[in-house]
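# Structural overview for review
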Amino acid sequence: MISRRLLLALLGAGALTTGALARTPEARSGKLDEAVRGLVEGRSTPGIAVLILQEGRPVYSRIAGLREAGGTAPIGENDLFRFASMTKAATSVAAMILVEEGRLGLDEPVSRYLPAFASLRVRGLDGGEAPAERPPTIRELMTHTAGFSYNFINRPRVVDAYHEARVTDGLDQPDVTTAEAMRRLASAPLGYQPGTSWEYSLATDVLGAVIEGVTGGSLGAFVTERIAKPLRLESWTFNAPEATRSRFVPVTRPAQPTGTLGTGYVAVIATEGVPYPATRGTATLDPNRAFSPVAYHSGGAGMSGTLGDYARFAQMLLNEGELEGARVLRAETVRQMTANATGSLPTLRGPGWGFSLGFGVVTDPAAAKTGLPAGSYGWGGIYGTQFWIDPTNRVVGVVMTQTAVIGSGPVANAVREAFYAPD
């Protein structure tokens, strides 16, 4: 269980009001307990932390299992988790702060801030290349329609160029600076003409570099000053001090190379290639990157922090930009950035999902088959983290593990589905 101290801290996020799920029945808690217990006892993850809020009040909280495979220490409420791709939400909020201030335009070309991206090439499936018709825009970075990819997405021909250029996915290579990471990515071809398709990608890393260009400082410094400090997110960091290493939950992965859950797990060692079954690619993971004092601030994968602090950030979004008197974004800005912006383009989460300016968005609940109502949004991370925000029922859910199951779905989905299961 999460301590009374943490629960009291979270109570300030909002007042409890009546809603469709305002009084969580015992049956719902029982289903959640069964799901959480099953994930740990079934050896899908050594340990898991879950916090679900409604109207800012905790309606379910559990911390279960161990910090690491083969250990004896339980996960604690102050433990630190690598957010991986849940970093993207924070980077997107940071970008929209600059948009509100008139310092960044959604339809401006990326090359205005990063000249290395002025003359990009596009590589087709046949291996041929052609000049990009134009540089991608800031909006296309935020919607993953800019033409970039990830190594683990394994796009034919493009992934070969990424390997040749030593493009990092923001999960390894702890000695690479922002300038070098962007130089390598700009030297590789795009996978399609900007604005014509959707592919999960390093676009948010580029967005982070744009933010650094606009502000003249690091992405982490801007996130700290404009998001973490107002919301009192004391744990949020990009380059974690060595002194905090003992608070980090170690990273494991499924023992089976196919990513099959329920078969046990093993520790992930530095710079290990982990299979990505969905595309038969490989994700190169270096858990020690979190402690590098020089690693570039990966806007798509580089942040760490606690379960409770991420829940406060998510509650700010549900509150349309405000938490306990601290306003981070205007309400109309949050509504803009959480509306589907990709039309009917197929996205990583499949049917029923679209993508907004930084989040996956449920567009068709029947097709999505998640239990989430239309308009719900969120994302997850490759180390087994996930959050969702359900404006209809005024619910925020955050699930944290450090089991690299190649995406957050296999573990966290079981928790979310238990919460929305019929009583």
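Given the structure is predicted, the values throughout are model-derived calculations rather than measurements.

Scoring rules and cut-offs
Residues numbered from 1 in each chain as written. Predicted model: local features only at pLDDT ≥ 70, side-chain atom pairs only at ≥ 80, totals over all residues. Heavy atoms only, no water. Helix = DSSP H or I, 4+ residues; strand = E, 2+ residues; numbered from the N terminus. Buried < 20%, exposed > 50% of the residue type's maximum accessible area, 1.4 Å probe, protein only. Axes fitted to C-alpha atoms, helices over the stretch in contact; angles between N-to-C directions. Parallel < 35°, antiparallel > 145°, perpendicular 65-115°, else oblique. Left-handed = near helix turned anticlockwise from the far one by under 90°. Contact = heavy atoms within 4.5 Å. Pairing = 2+ DSSP bridges. Core = buried A, V, L, I, M, F, W, Y, C linked by side-chain atoms within 4.5 Å. Phe/Tyr/Trp six-rings, centres within 6.5 Å; stacked < 30°, edge-to-face > 60°. Lys NZ or Arg CZ within 6 Å of the ring centre and 35° of its normal. Nonpolar A, V, L, I, M, F, W, Y, C, P; charged D, E, K, R; others polar.

The next point concerns unusual backbone geometry. The residue Arg166 is not glycine, and still its phi comes out positive at about 60°. Residues other than glycine seldom take positive phi values, yet Arg394 does so here, at roughly 60°. Mapping Arg394 onto the fold places it in the loop between β16 (385–390) and β17 (395–400). According to the relative accessible area criterion, Arg394 is partly exposed, its value standing at 25%.

Attention now moves to the packing of helix α3 (residues 87–100) against helix α9 (residues 307–318). Between α3 and α9, whose axes approach to 12 Å, the crossing angle comes to 45°. Classified by the angle their axes make, α3 and α9 are oblique. In the crossing of α3 with α9, the sense of the turn from one axis to the other is left-handed. Of α9, the residues touching α3 (which contributes Ala89, Ala90 and Val93) are Tyr310, Phe313, Met316 and Leu317.

Below, the discussion takes up the sheet that holds strand β14 (residues 360–362). The 7 strands lie next to each other as β2-β1-β17-β16-β15-β14-β13, forming an open sheet whose pairing is antiparallel. For this open sheet the edge positions go to β2 (57–65) and β13 (353–355), each flanked by a neighbour on one side alone. The average angle at which neighbouring strand axes cross in this sheet is 15°, direction not considered. Pairing analysis gives 8 bridges linking strand β1 (residues 47–54) to β2, with the strands arranged antiparallel. Residue pairing across strands places Ala49 opposite Ile63, the latter belonging to β2. Sheet contacts for α9: β1, β15 (377–381), β16 and β17; angle to β17, the most-contacted strand, approximately 150°. The strands touched by helix α12 (residues 409–420) are β1, β2, β16 and β17; relative to β16, the strand with the most contacts, the crossing angle is about 30°.

The next subject is the nonpolar core. Among soluble globular proteins, nonpolar side chains are generally buried collectively. Core analysis: the biggest nonpolar cluster contains 103 residues, and Ile227, Trp236 and Phe313 have the highest contact counts within it. With residues near it in sequence (within four places) discarded, Phe313 still touches Ala89, Ala90, Val93, Ile227, Leu231, Leu233 and Trp236. Within the second largest apolar cluster, 23 residues are counted, among which are Leu39, Tyr60, Leu372 and Val411.

Across all of its chains, the model carries 19 aromatic pairs by this definition. With a centroid separation of 5.6 Å and an interplanar angle of 55°, the aromatic rings of Trp198 and Phe355 are classed as tilted. One end of the pair, Trp198, is in the loop between α6 (178–187) and α7 (203–215); the other, Phe355, is in strand β13, with 157 residues separating them in the sequence. A single burial state applies to Trp198 and to Phe355, both of which are buried. An angle of 90° between the planes, with centres 5.3 Å apart, marks the rings of Phe355 and Trp379 as edge-to-face. One end of the pair, Phe355, is in strand β13; the other, Trp379, is in strand β15, with 24 residues separating them in the sequence. Accessibility expressed as a relative area gives 2% for Phe355, which makes it buried. Three or more aromatic residues joined by ring pairs form one cluster here, namely Phe83, Trp236, Tyr310, Phe313, Phe359, Tyr377 and Phe387. Its guanidinium or amino end placed over the ring of Trp353, Arg349 lies 4.7 Å from that ring's centre, counting from NZ or CZ.

What follows covers the environment of Glu322. Its location among the elements puts Glu322 in strand β11 (residues 322–323). By relative accessible area, which is 22% here, Glu322 ends up partly exposed. Spatially, the C-alpha atoms of Glu322 and Ala188 are 40 Å apart, while their sequence positions differ by 134 residues. Each residue touching Glu322, except ones within four places of it in the same chain, is listed here: Gln315, Met316 and Arg327.

Where α3 contacts α7, the axes come no closer than 10 Å and their chain directions differ by 40°. Once α3 is placed against α7, the crossing between them reads as left-handed. Contacts between α3 and α7 involve Lys88, Thr91, Ser92, Ala94, Ala95 and Leu98 from the former and Thr204, Leu207, Gly208, Ile211, Val214 and Thr215 from the latter. Of the residues belonging to the contact of α3 with α7, the class tally is 6 nonpolar, 5 polar and 1 charged.

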